[in-house]
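Chains, contacts and geometry: an overview
One letter stands for each residue in the lines below.
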Amino acid sequence: MQRYILNHLRELEAESIFVIREVVAQFEKPVLLFSGGKDSIVMLHLAVKAFKPAKLPFPLLHIDTGHNFQETLDFRDNLVKELDARLVVGSVQESINKGRAAEETGSNASRNVLQTITLLDTLEEYGFDAAMGGGRRDEEKARAKERFFSHRDEFGQWDPKNQRPELWNLFNGRKIQGEHFRVFPLSNWTEMDVWQYVLLENIEMPSLYFAHDRECVNRKGVLLAKSEYIRLMDGEKWEKMHIRFRTIGDMSCTGATVSNACTIEDIIQEVAAARVTERGSRADDKRSETSMEDRKKEGYF
């Protein structure tokens, strides 16, 4: 790996580790949001580095939609066991059962948007006052407005006009009772940085990120993998494709991309040539021009 790339990655690593340590220093009950995707895996890897040889001083939190890829859940459980970490799971199905969330209906129904209420309820139930997430500024335009320390009010809502200034490496985590923070240690990383760091650190990734054969349906340009949660519309059919996933989430809205990338090196080359962001394949982000920002204001990641 070229020296300037190596230096760049080590600078990002040092910055992220500093932010993670600041979270532990400033908050009483932090938690690390863990989806089983590449960003949360890298963030967890950095957290382990930040406190090694001690154990993680905070638990992991996964908001389970009930429509996750089984490969993601298996990877999550194996990694948690390997690290001897504590895992808290918030269940969207449980939120539906309690009447806290309403199941969507129709051909394009998804549980992805229902994660918001489950996340807020779980944060309140366990008293978490800071939730670290793997969001990056290059993912989607609404995320570019984020600070490292993102203040949320007593309703869990995000107001882009009410964020604290961040001068140099000074972070203001002051809050009143009932408020909390979302913290984004990977804010200055890009998708390319993540994959180059994965290669540098030899970090294991779920098989979904590598090319494989899977039946999919092309729905308005989004390749959705076959599952019991997706109903075919008139004129649609399942087709066997050679694909991989750039992002991993709810099966009902996570789009695949046609690919032959079987190694991390292949993925890096593919990302370098890509002209669409990784979230460009997410059906939930296509619902409106401001879908991500609207959900963030409601308390979403």
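In what follows, the structure referred to is the one given above.
Now for a look at the structure at hand. (Residues numbered from 1 in each chain as written. Predicted model: local features only at pLDDT ≥ 70, side-chain atom pairs only at ≥ 80, totals over all residues. Heavy atoms only, no water.)

**Topic: the side chain of R219**
Examined against the element boundaries, R219 turns out to sit in strand β7 (residues 212-219). R219 sits in the buried class, given a relative accessible area of 7%. For R219, the side chain forms a polar contact with the side chain of E236, separated by 2.7 Å. (Helix = DSSP H or I, 4+ residues; strand = E, 2+ residues; numbered from the N terminus. Buried < 20%, exposed > 50% of the residue type's maximum accessible area, 1.4 Å probe, protein only. Polar contact = N/O pair within 3.5 Å; in protein donor to acceptor, adjacent residues only side chain to side chain.)

**Examining helix α1 (residues 3-26)**
The first and last C-alpha atoms of α1 sit 35 Å apart over 24 residues, in line with the 34 Å expected at 1.5 Å per residue. Residues of α1 that are buried include every one of I5, L9, L12, E13, S16, I17, V19, I20 and V23, and no others. Buried residues belonging to α1 abut β1 (30-33), α2 (38-51), β4 (130-132), β5 (149-152), β6 (180-183) and α6 (191-201). (Expected span 1.5 Å × (residues − 1). Contact = heavy atoms within 4.5 Å.)

**Some points on the packing of α2 against α6**
Packing of α2 against α6 brings their axes to within 10 Å, and their N-to-C directions diverge by 55°. Relative to α6, the element α2 is oriented oblique. The crossing of α2 and α6 is left-handed. Contact residues: K38, D39, V42, H45, L46 and K49 in α2; E191, V194, W195, Y197, V198 and E201 in α6. Here the contact of α2 with α6 is composed, by residue class, of 6 nonpolar, 1 polar and 5 charged. (Axes fitted to C-alpha atoms, helices over the stretch in contact; angles between N-to-C directions. Parallel < 35°, antiparallel > 145°, perpendicular 65-115°, else oblique. Left-handed = near helix turned anticlockwise from the far one by under 90°. Nonpolar A, V, L, I, M, F, W, Y, C, P; charged D, E, K, R; others polar.)

**A word on the packing of aromatic side chains**
Enumeration over the complete set of coordinates arrives at 8 aromatic pairs. On the basis of an interplanar angle of 45° and a centroid distance of 5.7 Å, the ring pair of F27 and F149 is categorised as tilted. Placement of the pair is F27 in the loop between α1 and β1 and F149 in strand β5, with a sequence separation of 122 residues. In this structure, F27 and F149 share a single accessibility class: buried. Ring centres of W195 and Y209 lie 5.3 Å apart, and the angle between their planes is 80°; this geometry places the pair in the edge-to-face category. (Phe/Tyr/Trp six-rings, centres within 6.5 Å; stacked < 30°, edge-to-face > 60°.)

The values are spatial; any link to function lies outside them.
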